[in-house]
Amino acid sequence: MSPTRTAQLMDGAALARRIGEETAAKAADLTRRTGVVPCLATVLVGEDPASVTYVRMKQARSAKAGIASRHVGLPAATTTAELVEAITTLSRDPRVHGILLQHPVGPHVDERAAFEAIAPEKGVDGVTTHSFAAMGFGLPGFVSCTPGGIMRLLDEYGVGLAGKHAVVVGRSAILGKPAGMLLLGRDATVTYCHSRTADLAAIVREADIVVAAVGRPRLIRGDAVKPGAVVIDAGYNEGNVGDVDFDAARTRARLITPVPGGVGPMTIAVLLEQTVDAAARQLRQ
Ligand code: NAP
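Undergrad: Explain the environment of T78 to me, using residue names and the numbers behind them.
TA: The residue T78 is located in the loop between β3 (68-74) and α3 (80-92) in this model. In this structure, the C-alpha to C-alpha distance between T78 and R92, residues 14 residues apart in sequence, is 20 Å. Every residue in contact with T78, bar those within four places of it in the chain, is listed here: V45, L83, H108 and V109.

In structure tokens form, the structure reads like this:
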């Protein structure tokens, strides 16, 4: 019988902490040189408890990194026009360097119209058409934060990407699709899977790198993981459960992200890093 493998954990919490320290040093340096404190504006429509928590977390982490917060809280009944106006005001304010619209914003609001009101140079969350197109063309710009965090984790653990088969499960515009595009940009051979994919397990079994970005607890079973594969679980479901059956997958994978403490902490780390970069670019202009 072959010995049971135990995958090495990819510690996103530790990497996020390090990126946070580097961001704080960059912010302090910028403030010392220019007298300007980088500022991230957060916009929240309604009072969904999870969204309130996420915004508070972002503000607390901003403060720790020497980034100022500006918060715009709007009632749940806010219309698309009102939201676009609030974001446009922030886009025009030179004291604000990055804008984050906490989503989802509610079914009555045109979320895309709201995102497009974010000035391209302030789109630090990587959700505008401009940032998505820049990524597609391989041009510099702000990447969608969770996919950006996934790439940082892969690099941190020395995962070679060129010529590797990456299977991305999920194709949302903020997560699955950009994750696949970033992997493609680094010469991986990318397959996307989604809710209409036939025989998901058979495709995942071919993957050198699996990115799970679905939002279905333990959808990826352990026996669907190729021995020696790298497993990135971006899913986050009730009860701190990912999209991958972690206990089973870790006996086959070479590297795996835990949930929590894997991909999760990377998102805010990349957001704050991009905010300080945005401030530096705007102050250079
Ligand atoms: P989403 O917009 O709901 O997209 C889910 C994707 O999964 C869709 O592309 C969907 O396919 C696909 N899917 C659904 N059921 C499937 C199935 N049975 N087999 C294969 N694919 C299936 O979700 P999201 O915003 O991308 O988020 C995905 C997960 O990541 C969630 O758990 C979320 O909480 C988590 N997340 C974590 C972070 C973080 O760590 N910081 C950030 C963002 C999201 P169709 O396109 O065909 O519908």
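And the narrative resumes.
Undergrad: So, the site of the ligand: which residues are in play, and what are the values?
TA: Near the ligand there are 20 residues, and of these R171, S172, S195, Y236 and T267 occur at the shortest range. Contacts to the ligand include S195, whose side-chain N or O atom sits 2.6 Å from an oxygen atom. When isolated, the ligand has an accessible area of 930 Å², and the protein chains bury 68% of it. According to the grid-proximity analysis, the pocket containing the ligand is the largest pocket. Residue composition of the shell around the ligand, by class: nine nonpolar, nine polar and two charged.

Undergrad: Explain the sheet that holds strand β4 (residues 98-101) to me, using residue names and the numbers behind them.
TA: Read from one edge of the open sheet, three strands run β3-β2-β4, paired in parallel fashion. Each of the sheet's edge strands pairs with one partner strand only, and the pair in question is β3 and β4. Strand-to-strand twist of the sheet, defined as the mean angle between neighbouring strand axes without regard to direction, takes the value 20 degrees. Examined bridge by bridge, strand β2 (residues 39-45) and β3 share seven bridges and lie parallel to one another. Considered in β3, the bridge of L40 is made with S69.

Undergrad: Now, about the domain arrangement of the protein: what can you tell me, with residues and values included?
TA: Reports of interface size often rely on the accessible area that becomes lost once the parts have come together. Under the domain assignment used here, the protein contains domain 1 (35-121) and domain 2 (144-262). Averaged C-alpha coordinates put domain 1 and domain 2 at centres separated by 29 Å.

Undergrad: Help me get a handle on the side chain of Q102, residues and values and all.
TA: Its place among the elements puts Q102 in the loop between β4 and α4 (111-116). Polar contacts involving the side chain of Q102 include one to the side chain of K58, which spans 2.9 Å. Excluding its chain neighbours within four sequence positions, the residues that come into contact with Q102 are V43, L44, S51, Y54, V55 and K58.

Undergrad: Help me get a handle on the sheet that holds strand β6 (residues 189-193), residues and values and all.
TA: Here six strands make up an open sheet; going across it, the order is β1-β9-β8-β7-β5-β6 and the pairing parallel. Edge positions in the sheet fall to β1 (8-9) and β6, since each of these pairs with one other strand and no more. When strand β8 (residues 230-233) meets strand β9 (residues 255-256), the two strands line up parallel, connected through two bridges. Pairing of V231 across the sheet is with I256, part of β9.

Undergrad: Residues and numbers for the nonpolar core, please.
TA: Core analysis: the largest hydrophobic core is formed by 28 residues, its most contacted members being L154 and L183. Elements with a contribution of two residues or more to this core: α1 (12-34), α6 (145-156), β5 (165-169), α7 (176-185), β7 (209-212), β8 and α10 (264-284). It is α6 that contributes the most residues to this core, four residues altogether. Leaving out residues up to four positions away in the same chain, L154 has contacts with M10, V159, L161, L183, I209, V230 and I232. In this structure, A41, V45, I87 and A114 belong to the second largest nonpolar core, which totals 20 residues.

The rules behind these values
Residues numbered from 1 in each chain as written. Predicted model: local features only at pLDDT ≥ 70, side-chain atom pairs only at ≥ 80, totals over all residues. Heavy atoms only, no water. Helix = DSSP H or I, 4+ residues; strand = E, 2+ residues; numbered from the N terminus. Contact = heavy atoms within 4.5 Å. Near = heavy atom within 4 Å. Polar contact = N/O pair within 3.5 Å; in protein donor to acceptor, adjacent residues only side chain to side chain. Areas by Shrake-Rupley, 256 points an atom, 1.4 Å probe, with all protein chains shown as cover. 1 Å grid on protein atoms, 1.4 Å probe; cavity = no way out; pocket = protein on both sides within 12 Å on 5 of 7 lines; lining within 4 Å. Sits in = over half its atoms within 2 Å of the grid points. Nonpolar A, V, L, I, M, F, W, Y, C, P; charged D, E, K, R; others polar. Pairing = 2+ DSSP bridges. Axes fitted to C-alpha atoms, helices over the stretch in contact; angles between N-to-C directions. Domains from an automatic or database assignment. Core = buried A, V, L, I, M, F, W, Y, C linked by side-chain atoms within 4.5 Å. Buried < 20%, exposed > 50% of the residue type's maximum accessible area, 1.4 Å probe, protein only.

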